[in-house]
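Chains, contacts and geometry: an overview
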Amino acid sequence: AVWAYACRADAFRITHVEVPSSVSFTFPQPLIGMNLLTLDIRTLAETLHRQEPSLKDVRVVRQLPNRLRIDAVPRLPVAQVRLDQWHPVDREGVILHDRRAQPVAELVQLLGVETPQARLKAGQQNTSERLQMALRVLDLLRRSPALVAHRLSAIDVSEPRQIRFVIDGETEIRCGSEDELREHLE
């Protein structure tokens, strides 16, 4: 009886929807006036996330008694790749749409990640083996105590058996494959 009352009560009708200004969502139906408790927030979050796949996640949060908050969780760039211009890429291999003519100094350049068989595209997750290898090498190098005092500038995986990386903008280090790099760092 209490649930039936809550599903009909005016106190739980949505009067305000808080949406971040950084994104523009199109809602599948008007939300104002709907019952906050009966709204399927999981389905709404999935629908909104499909509209903005460049976001890491979209969360829909009920705020009792009558508010709905949409949280857009952005992807955080860890490196950059060159397609037509320089694009940031997150740790999962999603290439972001934000592009620049010149590389960003704070982001590591991933070189040799695109092949004729695996064309990289902005705005989606890329499963290119070389891109994934470059991201694994980046993670490995960032966690290495041997490189803690150095700034990683670039990683080149154009030849997977001869990985190269640049530290401090000028020192190039060549090693063998990804497995050999693990051994060398230890």
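Please refer to the structure placed before this passage.
The structure contained in this document is the topic of the report that follows. Treat the numbers as computed from the prediction; the structure is a model and nothing was measured. (Residues numbered from 1 in each chain as written. Predicted model: local features only at pLDDT ≥ 70, side-chain atom pairs only at ≥ 80, totals over all residues. Heavy atoms only, no water.)

Once that is clear, we can look at unusual backbone geometry. For the peptide bond that leads from Leu64 to Pro65, omega is 10°, which places it in the cis range. Mapped onto the elements of the fold, Pro65 is located in the loop between strand E2 (55-63) and strand E3 (67-74). For Asp168, which is not glycine, the phi dihedral falls at a positive 55°. With respect to the element layout, Asp168 can be found in the loop between strand E8 (164-167) and strand E9 (171-174). Classification of Asp168 by relative accessible area gives partly exposed; the value is 35%. (Helix = DSSP H or I, 4+ residues; strand = E, 2+ residues; numbered from the N terminus. Buried < 20%, exposed > 50% of the residue type's maximum accessible area, 1.4 Å probe, protein only.)

Here we take up the side chain of Asn35. You can see Asn35 is positioned in the loop between strand E1 (16-18) and helix H2 (41-51). Owing to a relative accessible area of 4%, Asn35 belongs among the buried residues under this scheme. Among the polar contacts made by the side chain of Asn35, one reaches the main-chain carbonyl oxygen of Ala6 at a distance of 2.9 Å. Discounting chain neighbours no more than four positions away, the residues touching Asn35 are Ala6, Cys7, Arg8, Ala9, Phe12 and Arg13. (Polar contact = N/O pair within 3.5 Å; in protein donor to acceptor, adjacent residues only side chain to side chain. Contact = heavy atoms within 4.5 Å.)

A word on the sheet that holds strand E6 (residues 108-111). Whenever strands of a sheet pair, they do so through backbone hydrogen bonds, lying parallel or antiparallel. In spatial order, the strands read E5-E4-E6-E7-E8-E9; together these six strands make up an open sheet with mixed pairing. Looking at the sheet topology across the chains shown, the edges are occupied by strand E5 (86-90) and E9. On average, each strand axis in the sheet is tilted by 25° relative to the strand beside it, whichever way the strands run. Relative to E9, E8 is paired through four bridges, and the arrangement is antiparallel. When the bridges of E9 are listed, Phe165 appears paired with Ile173. Relative to strand E7 (residues 152-156), helix H3 (residues 129-143) is tilted by about 145°, and along the sheet it contacts strand E4 (77-82), E5, E6, E7 and E8. (Pairing = 2+ DSSP bridges. Axes fitted to C-alpha atoms, helices over the stretch in contact; angles between N-to-C directions.)

Turning to the sheet that holds E1, a few remarks are in order. Taken together, the three strands give an open sheet; going across it, the order is E1-E3-E2, and neighbouring strands pair in mixed fashion. Across the chains shown, the open sheet's two edge strands, defined by having one partner strand only, are E1 and E2. The mean angle between the axes of side-by-side strands here comes to 15°, regardless of whether they run parallel or antiparallel. Bridge analysis of E1 against E3 gives three bridges, and the strand direction is parallel. Paired with Val17 across the bridge in E3 is Leu68. Strands in contact with H2 are E2 and E3; relative to E2, the strand with the most contacts, it is inclined by about 145°.

Think of an α-helix as 3.6 residues a turn; residues three or four steps apart then line up on the same face. Between its first and last C-alpha, H3 extends 21 Å over 15 residues, near the 21 Å set by a 1.5 Å rise per residue. Taken together, the buried positions of H3 are occupied by Leu131, Met133, Ala134, Leu135, Val137, Leu138, Leu140 and Leu141. Buried positions along H3 lie against E4, E5, E6, E7, E8 and helix H4 (178-185). (Expected span 1.5 Å × (residues − 1).)

Between H3 and H4, the shortest axis-to-axis distance is 11 Å and the interhelical angle comes to 5°. The orientation of H3 relative to H4 falls into the category roughly parallel. Side by side, H3 and H4 meet where Met133, Arg136, Val137, Leu140 and Leu141 of the first sit next to Glu178, Leu181, Arg182 and Leu185 of the second. Looking at the contact of H3 with H4 residue by residue, the class counts come to six nonpolar, no polar and three charged. (Parallel < 35°, antiparallel > 145°, perpendicular 65-115°, else oblique. Nonpolar A, V, L, I, M, F, W, Y, C, P; charged D, E, K, R; others polar.)

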